[in-house]
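Structural overview
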Amino acid sequence: MIRKLIGKVLRRPGKQVLHAKHYGIRRELLHSNALKVCDRLQDAGFDAYVVGGAVRDLLLGKNPKDYDVATSATPEQVRHVFHRSRIIGRRFRIVHVPFYDRDGEEIIEVTTFRGASDAPTDDAGRILRDNVYGSIEEDAARRDFTANALYYDPNREEIIDFHHGVADIEAKRLVMIGDPMQRYREDPVRMLRAVRLASKLGLAIAPATKKPMAELADLLENIPSARIFDEMMKLLLSGRAWVCITALRDEKLHKHVLPLLDKLLSRPESSAFLQKALENTDARLAEDKPVSAGFLFAALLWQEVEFRWKKNEAAGEHPMPALVSAMNDVEARVERKLAIPNRYSAAMKEIWLMQPRFEQRTGSRPSRLLEQARFRAAYDFLVLRAECGLADKELAEWWTQFQYCDEPTRSAMIARVANPAKSDAKKRRKPQRRKPAAAKVGGDAGGNGGAADKP
Ligand code: ATP
Ligand code: MG
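As a starting point, this report considers the structure included with it. Here the structure is a predicted model, which is why all the values come from computation and not from measurement.

1. Notes on the nonpolar core
- Among the nonpolar cores identified, the biggest contains 104 residues, and L41, F297, L301 and L338 are the most heavily contacted of them.
- At eleven residues, helix α15 (residues 293–314) tops the list of elements feeding residues into this core.
- Among residues more than four places away in sequence, those in contact with L301 are L258, L260, V330, V334, I340, M348 and W352.
- The next biggest cluster of nonpolar side chains, apart from the first, holds 18 residues, and it includes M354, L382, A386 and M413.

Set out below in structure tokens:
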């Protein structure tokens, strides 16, 4: 009891100014564009700090993936300093300052310190607009986790910490600022952020920060499906996608994001497929290779599609229409919670539609399939299925060979599928068998090929 009380007193919010160098953060470690934004805003007479994920990641010895700057300048004043910048958002107005280099466009997000005054909320307590500006202290209190409320001044090389964020990072804890229950009510997406950040950064969610999640998970129902999709993308591209997905289910937050996860994770073969797909993605990200969101969603939803597809076929539909209607059903079901934008869902559907086409290895079909823009993704998907026992390994190997060999070899491969040498060999072997006549009839009537073709 007394320890709890002392803990509370010690954790009272209060400004601490820390020497960044003591924590391994030097100006040179930051991206030059983030430094430029802070320098120019400070030169124009405003306060400006690198804030949020970048400071947190640097303290954890990780490379920040993007930079956010917090300033005392209003969005209009920021626009005035950076002529190419643009104000975006309605609920939260922020300024995007773009920089261009060989790798394309990089955006530094600049936000004005948010004020503490009561923002308008809906009946469930969700903040509807938050454009009242205030002091840096008020701004810190409006941020989600203590680890995300650290302000780095690149010129003074100081970290300003109002909520013991540095201590929490050192203790590998993710702690909500303020009363977690109220903070989740204000913005239920904070629950998803907690799971993602903890999984991605190897932090433990503090017990008081975790506790209200079970009770408040249903509030995610009120969040627009486009915002859920954005958060889901961050989760899948976090570099620890599999860990995030399982944590999401452990906290029972998946119900309002991807209810299908229950079914997927409860069956060993489907869980193994998803794990492999997501771990492959994590590995690609670690190697700085591009990953396709279409592929990710194709993997996430495939087994439900396949299940419905087979069901439709069993009910007498032809394979292709059966697949298309299964795809449409799954898409409609998922859409209510997760609005997958067209550019991704189109890729996802192409990958799915190409799966049965891999089995059609006659005439010019294989060569035509090879020419499809999405061939590589669809082939990778087939290999993934085969690796998990969800597709024929021999088929995947055939395509691995087919795409890299010359034209005469390709023709020979197709001819072999159409007229397998195996069957000739069998015919030749048959007279040598010392089997009774009945067995011979069975062999003739069904044939090994026929049996293998059965689902
Ligand atoms: P990431 O590494 O994914 O970019 P991040 O913490 O920087 O993590 P952003 O979405 O870039 O995440 O947000 C920047 C900062 O804005 C956060 O660090 C946090 O301080 C604040 N923030 C973002 N979303 C919320 C939210 N829903 N509620 C309160 N503060 C938030
Ligand atoms: Mg960020």
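2. Quick look at helix α12 (residues 241–250)
- Within the sequence span of α12, burial applies to A241, W242, C244, I245, A247 and L248.
- Where α12 is buried, its residues contact α8 (189–201), α11 (225–236), α13 (261–266) and α14 (268–286).

3. Let's talk about the packing of aromatic side chains
- One pass over the structure, following the stated rule, counts 17 aromatic pairs.
- Taken together, a centroid distance of 5.1 Å and an interplanar angle of 80 degrees make the contact between F358 and W399 edge-to-face. With F358 in the loop between α17 (342–357) and α18 (365–370) and W399 in helix α20 (residues 393–404), this pair connects stretches of sequence that are 41 residues apart. No difference in accessibility class separates F358 from W399, as the two residues are buried.

4. Structural notes on the sheet that holds strand β8 (residues 158–161)
- Read across the sheet, eight strands follow the order β1-β8-β7-β2-β3-β6-β5-β4 without closing on themselves; strand pairing throughout is mixed. The outermost strands of the open sheet, each flanked by one partner alone, are β1 (16–19) and β4 (86–88). Averaged over all neighbouring strand pairs, the angle between strand axes comes to 35 degrees, with direction disregarded.
- Across four bridges, β1 lies against β8 in antiparallel orientation. Within the sheet, the bridge partner assigned to Q16 lies in β8 and is D161.

Each value, and the rule that gives it
Residues numbered from 1 in each chain as written. Chains lettered and ligands numbered in written order. Predicted model: local features only at pLDDT ≥ 70, side-chain atom pairs only at ≥ 80, totals over all residues. Heavy atoms only, no water. Core = buried A, V, L, I, M, F, W, Y, C linked by side-chain atoms within 4.5 Å. Buried < 20%, exposed > 50% of the residue type's maximum accessible area, 1.4 Å probe, protein only. Helix = DSSP H or I, 4+ residues; strand = E, 2+ residues; numbered from the N terminus. Contact = heavy atoms within 4.5 Å. Phe/Tyr/Trp six-rings, centres within 6.5 Å; stacked < 30°, edge-to-face > 60°. Pairing = 2+ DSSP bridges. Axes fitted to C-alpha atoms, helices over the stretch in contact; angles between N-to-C directions.

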